[in-house]
Amino acid sequence: MKEYDVIVVGAGPAGSAAARAASSQGARVIMIEEHPVIGAPRHCPGRLHSSSFTQEIIKDLDPRVIVCEYHSRRYFSPSGKVIKETALPAGNVFQVQRDEFDRELARQAALAGAEIVLSTRVTGLYKEKDRIRGVTTTSSDMPVVHGRVVIVASGTKGRLSGIPKQEGLTQPGETSFGGILVDLAGIRDIEPGVIETYLGEAFEMGIRVLWTKNRHSGLMGFGNFKGYHRLVSSDSFAGRKFKKARPVQIFGNMVGSAASVKLERAVKDNLMLVGDTAGFTSITHGVVSGRTAGEVAAEAVRDGDTGEARLQQYMDKCREAGLYRSTLSWSPRLADLRGHSDAEIEEMIPDML
């Protein structure tokens, strides 16, 4: 049985970044993805938010993956008045074609030397005398894959039901909730490069964000189809903007109840959690966490020490890079607008500002 230095579970951005980094450090790496196509199904609008890492990620991408660059975020009151506009730093906030973005990162991992296996689900950890020695899979060709370090990048779903939960690394009572992302064409009066945020009773939470793509199209998330139909049937400012918009794509979405909470413990002997699995929910932070884990894992294997204390360097480096720091700034999201009428929200805005 072939043995690997690093086994990566999941080929999303964090997993591919980990596989690329470990392979670039000379480690023998296998990345195992449960779906037949990397990047599908899609669950994310594909926003790369402003960070000190964004340019580094963008420079390695095929330009065709980039949908648009954002330069501003604009907030609208229920009546349509612009109540706040925040400039975004140039070259730092983008929308990418998320499914192709994932495949692009996987290509980078493959070119660095990582082996990639598709249509294979990892079912758990393989242990010898309670020591992690690899993973078990659904594949009859490779029911057990041996490795010295397992990096889990299986996302929210994997965090709730996979290896993290099996190993007791998740928080008690974590659940998940779903939604939809709708790609809409025919939206009125939108500006490319501007993220539009609407307040109003037409939305389930009293607030919703549009990730514009061009002068007539953009992506918007909803809790369900009822929320979508509620918007397009509304006679509000936002409802009129979307009245003639038509869906061209609908993606499912899944978020954990503790999705944005970083796990205080994301490593054990021979095991590391990265990306959404560890609570690094943004694409940029997912990529950086994966890359950091891959580098630390390769060094640990090379030095012959893959214990928890050594792998803890991954979490220490993530903290040094600011991945555990809160990125919250002023936002109407901080106010609870659920259940308020448009008139009530208008009255609340001065206090929110």
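Please read all numbers here as calculations on a predicted model, not as lab measurements.

Draft legend 1. Quick look at the overall build of the protein. In terms of regular secondary structure, the protein is built from 10 helices and 18 strands. At 21 Å, the protein has a C-alpha radius of gyration in line with the 20 Å of a compact globule built from 353 residues. For the protein, the spread of C-alpha atoms along the three principal axes comes to 65 × 40 × 40 Å. Looking at the protein as a whole, 55% of its 353 residues are labelled buried. Put simply, of all contacts in the protein between residues at least 6 apart along the chain, 70% involve residues at least 24 apart. With an accessible surface of roughly 15,700 Å², the protein has 49% of that area assigned to carbon and sulfur atoms. Averaging the locations of the 45 positively and 42 negatively charged side chains of the protein gives two centres separated by 2 Å.

Draft legend 2. Representation of the environment of Val 145 within the structure. The topology assignment puts Val 145 in strand 11 (residues 144–152). A relative accessible area of 2% means that Val 145 is categorised as buried. Distance in space between the C-alpha atoms of Val 145 and Val 135 is 5.4 Å, their sequence separation being 10 residues.

Draft legend 3. Geometry of the nonpolar core. Of all hydrophobic cores here, the largest spans 55 residues; its most connected members are Ile 7, Val 135, Val 150, Ile 151, Met 272 and Tyr 314. Of all the elements, helix 8 (residues 283–303) adds the most residues to this core, at seven residues. With residues up to four places along the chain from it excluded, the contact list for Tyr 314 reads Ala 266, Val 267, Met 272, Leu 273, Val 274, Ala 278, Phe 280, Ser 289, Thr 292, Ala 293 and Val 296. Within the second largest apolar cluster, 19 residues are counted, among which are Ile 190, Ala 202, Phe 203 and Tyr 228.

Draft legend 4. Representation of the pattern of salt bridges within the structure. Scanning the entire structure with this criterion turns up 25 salt bridges. Residues Glu 85 and Arg 74 are paired through a salt bridge, measuring 3.0 Å at the closest nitrogen-oxygen approach. Linking Glu 85 in strand 6 (residues 82–87) with Arg 74 in strand 5 (residues 72–76), this pair joins segments that are 11 residues apart in sequence. In this structure, Glu 100 and Arg 103 form a salt bridge, with 3.1 Å as the shortest nitrogen-oxygen distance. You can see Glu 100 and its partner Arg 103 sitting in helix 3 (residues 98–111), three residues apart, about one turn around the helix. For Arg 103, a relative accessible area of 21% translates into the label partly exposed. Within the structure, one salt-bridge network assembled from shared partners comprises Asp 99, Glu 100, Arg 103, Glu 104 and Arg 107.

Draft legend 5. Just the state of the cysteines, in detail. Taken as a whole, this structure holds zero disulfides when the rule is applied. Its sulfur unpaired, Cys 44 is 13 Å from the next cysteine sulfur, which belongs to Cys 68. Given the relative accessible area of 16%, Cys 44 is considered buried. Looking at the unpaired Cys 318, the closest cysteine sulfur is the one in Cys 44, lying at 19 Å. On the basis of relative accessible area, Cys 318 is assigned to the buried category, the value being 1%.

Draft legend 6. Highlighting the pairing of strand 14 (residues 207–212). A large share of strand 14 lies buried, amounting to six of its six residues. Both faces of strand 14 are covered, namely the face carrying Ile 207, Val 209 and Trp 211 and the face carrying Arg 208, Leu 210 and Thr 212. Bridging between strand 13 (residues 194–199) and strand 14 involves five bridges; their strand directions are antiparallel. Residue pairing in the sheet places Leu 199 in a bridge with Ile 207 of strand 14. Bridge analysis of strand 14 against strand 15 (residues 217–222) gives three bridges, and the strand direction is antiparallel. Among the inter-strand pairings, Leu 210 is bridged to a residue of strand 15, identified as Met 220. Hairpin geometry of strand 14 and strand 15 is characterised by an intervening segment of four residues between the two adjacent antiparallel strands.

Draft legend 7. Region of the structure containing the sheet that holds strand 3 (residues 47–48). Read across the open sheet, the three strands follow the order 3-7-4; overall the sheet is antiparallel. The open sheet terminates on both sides in strands that have one partner only, identified here as strand 3 and strand 4 (66–69). The sheet contact formed by strand 3 and strand 7 (residues 94–96) spans two bridges and is antiparallel. Bridge pairing in strand 7 links Leu 48 to Phe 94.

Conventions adopted
- Residues numbered from 1 in each chain as written.
- Predicted model: local features only at pLDDT ≥ 70, side-chain atom pairs only at ≥ 80, totals over all residues.
- Heavy atoms only, no water.
- Helix = DSSP H or I, 4+ residues; strand = E, 2+ residues; numbered from the N terminus.
- Rg over C-alpha atoms; globule rule 2.2 N^0.38 Å.
- Buried < 20%, exposed > 50% of the residue type's maximum accessible area, 1.4 Å probe, protein only.
- Contact = heavy atoms within 4.5 Å.
- Areas by Shrake-Rupley, 256 points an atom, 1.4 Å probe, with all protein chains shown as cover.
- Lys, Arg positive; Asp, Glu negative; His and termini not counted.
- Charge placed at Lys NZ, Arg CZ, Asp CG, Glu CD.
- Core = buried A, V, L, I, M, F, W, Y, C linked by side-chain atoms within 4.5 Å.
- Salt bridge = Lys/Arg side-chain N within 4 Å of Asp/Glu carboxyl O.
- Disulfide = S-S within 2.5 Å.
- Pairing = 2+ DSSP bridges.

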